[in-house]
Amino acid sequence: MRSEKSSDISTQSTVRAPKRFIYRLYLVIAWILTKLLFRVRYIRDPLITREGGPYFVVGNHVSYLDPIFCLLALDKLSIRFVAGIEVTSGKLLKKLLAPLAMIPIKPFRVSYSTTREIIASIRSGLSVALYPETQRSLAGDLTPFGLSTAKLIKHLRVPVVSVLARGVYLGWPRWAKMFRPGHIELETRLLFTAEETAELSLDEIQNRLTKSITTEDYDWQLRRRRPVRYFSMKPAQGLARICHWCPACDRPMSMESGKRRLSCRHCGQAFRLDLTGFFTAAHGSRPYFDHPLEFAKWQCSRLARALEEGEILSNPCRIEFHEHLTDDDTIPEKMIRQGVCKLARDGLLFTDEDDCCEMFFPLGETPALYTSIGFFADVSSDGMVWRLYPESEGFTSMMTDLTRIIWEKRNAFERNS
């Protein structure tokens, strides 16, 4: 590794490193706040040392807070994060995060520049962290991902560290607007030595990588002697964005969220969500599921069956032109369209209500959509990205599930639990 560093001085000089003083200041502030709010417990691998790096860092992606917890878990290291460009697009966030020298990545693009920046950072002695799932988990389980991270690990040939976060999804569920104080565990592990990355096959790297970042907070809760309670005055508010298909009357996009209840507007089936994240059946309702992840997995299977049987699943929506994927600067004739979006086996079909113009958006090129769940999702067609705003908050969840279904049919993704 030392010979590589000395042989590429020109590359080193162009690599941006985190500003040391501000980086450490942020860590101190984050440590105090997370200790107070989440009573964080750290399980650190003694094999991970400052002198043993640089490292390539991976982890499970379940919350906005994941990068903060990763930096705290590896507090001896100086780490550059690979983050979606939308994270740093706001004026305030851009200024606050600039000292961390984050490596940007854009959705829908083959990121050669991002890959070059990762390689250059590693060669200059800086550790780099990346989430193979790319998008935060929808319901708390592992989002499938391709071989690109395994290929990068094989190419870098440096030690790989995993950061496994338990309790973080329940501390800030995807459907919730704010975090929920409770308890979190962070475990670091030396996943691969440099020698192993050179010797192992891509499939072997992928299998170990997948297993190392697979965790589900509900299983973790059940293994604990006393389940953690995550404080919230409205634990179920927004849950219908994720769990929308009623298991009793079998109607999609029919569930409504209350403060503590998830209920069907048609048949009255209702679930109560407690502070540990688990369901109890409301009076007069059947206890179909133990927790939201179980509900979401059933819902995804139900969607797959509906599409196979030819059911029509549609929703009124508005689409707006968002950006070009290429250097083309041609502006669409209509930048905002109102109409109906229908799920198909391989994508989405949008029909404009004014001129009956149809637009097809293929899905499955990636295992997850970039989406603000319940509000919008980005889809692409003919080199253009459109932002789709459905009328029903559960439709973005259906789109995300469909994307995953199509991707998994086209790609072998197996994981050992």
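Quantities reported herein were computed from a predicted structural model and do not represent experimental measurements.

Novice: Even after reading the chapter, I still don't get the overall build of the protein, so can you show me in this structure?
Specialist: On a plain count of helices and strands, the protein comes out with 13 helices and 18 strands. Against the compact-globule benchmark of 22 Å for 417 residues, the protein has a radius of gyration of 22 Å, which places it among compact chains. Dimensions of the protein along its principal axes, counting C-alpha atoms only, are 65 × 60 × 40 Å. Restricting the contact set of the protein to residue pairs at least 6 apart, pairs at least 24 apart contribute 66%.

Novice: I tried to follow the pairing of strand β9 (residues 261-264) on my own but got confused; where do I start?
Specialist: Side-chain positions along a regular strand alternate between the two faces of the sheet. Relative to β9, strand β8 (residues 255-257) runs antiparallel, the two being bridged by three bridges. The residue bridging S257 from the neighbouring strand is L262, located in β9. The turn linking β8 back onto β9 is made up of three residues. Alignment of β9 against strand β10 (residues 270-273), held across three bridges, turns out to be antiparallel.

Novice: Looking at this structure, I do not really get the packing of aromatic side chains. What am I missing?
Specialist: To describe a pair of aromatic rings, you give the distance between the ring centres and the angle between the ring planes. Evaluation of the coordinates by the stated rule reveals 18 aromatic pairs. Within the aromatic cluster, the residues linked to one another by ring pairs are F271, F279, Y288, F289, F295 and W298. Looking at R136, its charged tip hangs above the ring of Y64, at a distance of 3.8 Å from the centre. For the cation-ring pair, R318 lies above Y389, with the distance from its terminal atom to the ring centre recorded as 4.4 Å.

Novice: Please clarify how the confidence of the model for the protein should be interpreted in this entry.
Specialist: Reading predicted coordinates in detail is not appropriate for stretches of low pLDDT. Across the protein, the average pLDDT comes to 90, with 94% of residues at or above 70. The secondary structure element of the protein with the lowest average pLDDT is helix α1 (residues 2-7), at 40, and the one with the highest is helix α8 (residues 168-171), at 97.

Novice: Explain unusual backbone geometry here, please?
Specialist: Backbone geometry follows two general trends: most residues other than glycine have a negative phi, and most peptide bonds adopt the trans configuration. In this model, G53 is joined to P54 through a cis peptide bond whose omega is 5°. Structurally, the position occupied by P54 is in the loop between β1 (41-43) and β2 (56-59). The phi angle at R157 is positive, at roughly 55°, despite the residue not being glycine. Turning to its location among the elements, R157 is positioned in the loop between α7 (148-156) and β6 (160-166). For R157, a relative accessible area of 48% gives the class partly exposed.

Novice: What exactly am I supposed to notice about the packing of α7 against helix α10 (residues 202-212) here?
Specialist: For any two helices packed against each other, one specifies the crossing angle of their axes together with the interaxial distance. For the pair α7 and α10, interaxial distance at closest approach is 9 Å and the crossing angle is 115°. Relative to α10, the element α7 is oriented roughly perpendicular. In the packing of α7 onto α10, the handedness of the crossing is right-handed. Here T149, A150, K151, I153 and K154 of α7 come into contact with α10, specifically with L202, I205, Q206 and L209. Split into classes, the residues belonging to the contact of α7 with α10 amount to five nonpolar, two polar and two charged.

Novice: Would you mind showing me how to read helix α3 (residues 20-38) here?
Specialist: Residue pairs three or four apart in sequence face the same way in an α-helix, which turns once every 3.6 residues. For α3, built from 19 residues, the straight-helix expectation of 27 Å at 1.5 Å per residue is met to within 8% by its first-to-last C-alpha distance of 26 Å. When α3 is considered as a whole, its buried residues turn out to be Y23, L27, A30, T34 and F38. Burial along α3 is one-sided: seen end-on, the buried residues are contained in an arc of 75°. For α3, the exposed residues lying more than 90 degrees away from the buried face are F21 and L36. Of the surrounding elements, those touching the buried residues of α3 are β1, α4 (66-73), β3 (79-84) and α8.

Novice: It is not clear to me how the sheet that holds strand β11 (residues 279-281) should be interpreted in this structure. Could you clarify?
Specialist: Hydrogen bonds between backbone atoms are what pair the strands of a sheet, whose relative direction is either parallel or antiparallel. One open sheet accounts for four strands, arranged β8-β9-β10-β11; its pairing is antiparallel. Two strands in the sheet have a free side with no partner beyond their single neighbour: β8 and β11. On average, each strand axis in the sheet is tilted by 25° relative to the strand beside it, whichever way the strands run.

Novice: How should I be thinking about the pattern of salt bridges in this particular structure?
Specialist: Pairing between side chains of opposite charge can happen when their charged atoms approach one another. The final tally for this structure, using the stated rule, is 23 salt bridges. Residues K297 and E216 are paired through a salt bridge, measuring 3.3 Å at the closest nitrogen-oxygen approach. Of this pair, K297 sits in helix α12 (residues 292-308) while E216 sits in the loop between α10 and α11 (217-223), and the two are 81 residues apart along the sequence. The salt bridge involving K334 is made with D352; its shortest N-O contact spans 3.2 Å. You can see K334 sitting in the loop between β12 (314-324) and β13 (336-344) and its partner D352 sitting in strand β14 (residues 347-352), a full 18 residues away along the chain. Overall, the relative accessible area of 1% leaves D352 in the buried class. Counted as one network, the salt bridges with shared partners bring together R41, R166, E185, E187, R189 and R224.

Novice: Honestly, the sheet that holds strand β15 (residues 358-362) in this entry has me stumped. Any pointers?
Specialist: Across the sheet, which stays open at both edges, the seven strands sit in the order β15-β14-β13-β12-β18-β17-β16 with antiparallel pairing between neighbours. Of all the strands in the sheet, the pair left with one neighbour each is β15 and β16 (371-372). Taken together, the five bridges between β14 and β15 define a ladder with antiparallel strand orientation. Within β15, the position partnered with F350 by the bridge is M359. Helix α13 (residues 395-410) rests against β12, β13, β14, β16, β17 (376-381) and β18 (384-390) of the sheet, and its axis sits at about 50° to β13.

Novice: Sorry, what's going on with the pairing of β18 here?
Specialist: Among the seven residues of β18, six are classified as buried, and the element is accordingly described as predominantly covered. Pairing of β12 with β18, which is carried by seven bridges, proceeds in the antiparallel orientation. In the sheet register, C317 faces β18, and the bridge partner there is P390. Where β17 and β18 come together, five bridges link them in antiparallel fashion. Among the inter-strand pairings, A377 is bridged to a residue of β18, identified as L388. Turn length for the β17-β18 hairpin, with the two strands adjacent in sequence and antiparallel, is two residues, and the turn residue D382 shows positive phi of about 55°.

Rules and cut-offs
- Residues numbered from 1 in each chain as written.
- Predicted model: local features only at pLDDT ≥ 70, side-chain atom pairs only at ≥ 80, totals over all residues.
- Heavy atoms only, no water.
- Helix = DSSP H or I, 4+ residues; strand = E, 2+ residues; numbered from the N terminus.
- Rg over C-alpha atoms; globule rule 2.2 N^0.38 Å.
- Contact = heavy atoms within 4.5 Å.
- Pairing = 2+ DSSP bridges.
- Phe/Tyr/Trp six-rings, centres within 6.5 Å; stacked < 30°, edge-to-face > 60°.
- Lys NZ or Arg CZ within 6 Å of the ring centre and 35° of its normal.
- pLDDT = per-residue confidence, 0-100.
- Buried < 20%, exposed > 50% of the residue type's maximum accessible area, 1.4 Å probe, protein only.
- Axes fitted to C-alpha atoms, helices over the stretch in contact; angles between N-to-C directions.
- Parallel < 35°, antiparallel > 145°, perpendicular 65-115°, else oblique.
- Left-handed = near helix turned anticlockwise from the far one by under 90°.
- Nonpolar A, V, L, I, M, F, W, Y, C, P; charged D, E, K, R; others polar.
- Expected span 1.5 Å × (residues − 1).
- Arc of directions from axis to C-beta.
- Salt bridge = Lys/Arg side-chain N within 4 Å of Asp/Glu carboxyl O.

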